[in-house]
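# Survey of secondary and tertiary structure
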Amino acid sequence: MENYSTNERRADIIQILNQKNRVMIAELCERYGLSEVTLRKDLEILKKRNLLFRIRGGAIRIPSTTDGNDARVEAKRLFYYKQKRAIGRLAASLINENETIIIDSGTTTMEVAKNLHHFQNLTIVTNAIDIALEVSKYDRFNVILLGGHLRESSLSTVGPLAESVLKVCYCDKLFLGVDSFTIEKGISTPNLEEANINQTMISMAKECIAVFDSSKFDKRSFAFIAQVKDIDAIVTDEDIPPKILSELTSRNIKVHIASYQ
C-alpha cells in the first residue's frame, strides 16, 4: 500500500474518477488503508470544490471538469499532482539568478513558481493572477502582472491589452504550460485567446521551456500555439513514451525528466 499525503490522496481520487467515472468508499478504504470517516471527509471536501458528485456509498465524476476541454484550474490542480510537483522543482532549477522570466498560467507552471525560494533577484512576468500572488510572497522579486480580459476558468489574462504589454518585455526564459502535444502538430490549447498570448510569449523569450506531465502527449486541442521546433526544452515526468523521447532527442530538443516516485 502506497503512502499518500492528504493532498496526494485527494488528487488520486480525482484521477480514479477521471479513469472510471465512479468510485466507492469501500474500495478507497482498501486502497489507502484508512477509515470510512476519513474517506467520507475527502469526498465531501472534493464535492464542496465542485470536483465530483456524491452518491450513496461513493462518488461519480463531473464531466465538465474532467473531460480535458479547458477544465477549471481548481480541478486541474488535482490531476497528476505528484508529477506536476516534481516537474516544478526540476524546472525551477533551470533558472539563473538575475534573469527575467515569463511564467505562463497553469497548474504545472504554478509548481515552478512555488520553487523560487533560493533566488534573490528575478523579474517575473505572468498573465496568471494566482501565480502573481504566489511569487509576491517572496517579497523580493520584480513582478509584472499582465492586464487584459480575465479568463475565470484559468485565472489568467488574455487579449490585445495583455499581448501589447508583453511585446515590450524581452525575457530570458519562458515556462510554458501545455494542454496538448504531438510531434506532428506541436502544442495546442482549447482556447484561441490563450493560444494567441502563448505565441506572443514565445516570440519574446530567448528560450522556451515547455512544462507538462506525460498525460498531455499524443493529444491535440482546438487552437494551435507552436510547432515542436519552436520549443527549446521540455520538462516532463518519467512516464514520457520512449518513442516520443527518442523523436524529441533526434530533433535536438532537450528533455528534462522529473522523477515523482
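To keep things clear, this report deals only with the structure shown in the data block. (Residues numbered from 1 in each chain as written. Predicted model: local features only at pLDDT ≥ 70, side-chain atom pairs only at ≥ 80, totals over all residues. Heavy atoms only, no water.)

Quick look at unusual backbone geometry now. Glycine aside, a negative phi is what most residues show, and trans is what most peptide bonds show. Its identity is not glycine, yet Asp-218 carries a phi of approximately 60°, on the positive side. Among the secondary structure elements, Asp-218 is positioned in the loop between strand E12 (205-211) and strand E13 (223-226). One non-glycine residue, Asn-252, lies in the positive phi region at around 60°. Here Asn-252 is to be found in the loop between helix H11 (242-250) and strand E15 (254-258). Looking at Asn-252, the relative accessible area reads 72%, which means it is exposed. (Helix = DSSP H or I, 4+ residues; strand = E, 2+ residues; numbered from the N terminus. Buried < 20%, exposed > 50% of the residue type's maximum accessible area, 1.4 Å probe, protein only.)

Turning our attention to the sheet that holds E13. To summarise the sheet geometry, strands pair through backbone hydrogen bonds and adopt either a parallel or an antiparallel arrangement. Taken in spatial order, the 3 strands make up an open sheet running E10-E11-E13, and their pairing is antiparallel. Both outer strands of the open sheet, strand E10 (180-182) and E13, are each paired with one neighbouring strand and no more. The mean inter-strand angle of the sheet, taken between neighbouring strand axes irrespective of direction, is 35°. Across the sheet, helix H10 (residues 192-204) lies against strand E11 (186-189) and E13, angled at about 10° from E13, the strand it touches most. (Pairing = 2+ DSSP bridges. Axes fitted to C-alpha atoms, helices over the stretch in contact; angles between N-to-C directions. Contact = heavy atoms within 4.5 Å.)

On to the pattern of salt bridges. Applying the stated criterion across every chain yields a total of 15 salt bridges. Across the salt bridge formed by Glu-99 and Lys-173, the nearest N and O atoms sit 2.6 Å from each other. Separated by 74 residues along the polypeptide, Glu-99 in the loop between helix H6 (81-92) and strand E4 (100-103) and Lys-173 in strand E9 (residues 171-177) bring together distant segments of the chain. Overall, Glu-99 belongs to the buried group, its relative accessible area being 11%. (Salt bridge = Lys/Arg side-chain N within 4 Å of Asp/Glu carboxyl O.)

In this section: helix H2 (residues 25-32). Every buried residue of H2 is accounted for by Ile-25, Leu-28, Cys-29 and Tyr-32. Each buried residue of H2 lies within a common arc of 105° when the element is viewed along its axis, so the set occupies one face. Across from the buried face of H2, at angles greater than 90 degrees, the exposed residues are Ala-26 and Glu-30. Summarising the contacts, the buried residues of H2 are in contact with helix H1 (6-20), strand E1 (22-24), helix H3 (36-48), strand E2 (52-55) and strand E3 (58-61). Taken from the residues just after H2, Gly-33 is the one with a positive phi, measuring 65°. (Arc of directions from axis to C-beta.)

Here we take up the packing of aromatic side chains. Across all of its chains, the model carries 5 aromatic pairs by this definition. Taking 5.1 Å as the distance between ring centres and 40° as the angle between the ring planes, the aromatic pair formed by Tyr-138 and Phe-141 counts as tilted. You can call Tyr-138 buried: its relative accessible area is 13%. An angle of 85° between the planes, with centres 5.5 Å apart, marks the rings of Phe-181 and Phe-217 as edge-to-face. (Phe/Tyr/Trp six-rings, centres within 6.5 Å; stacked < 30°, edge-to-face > 60°.)

Worth remembering: the numbers are spatial, not functional.
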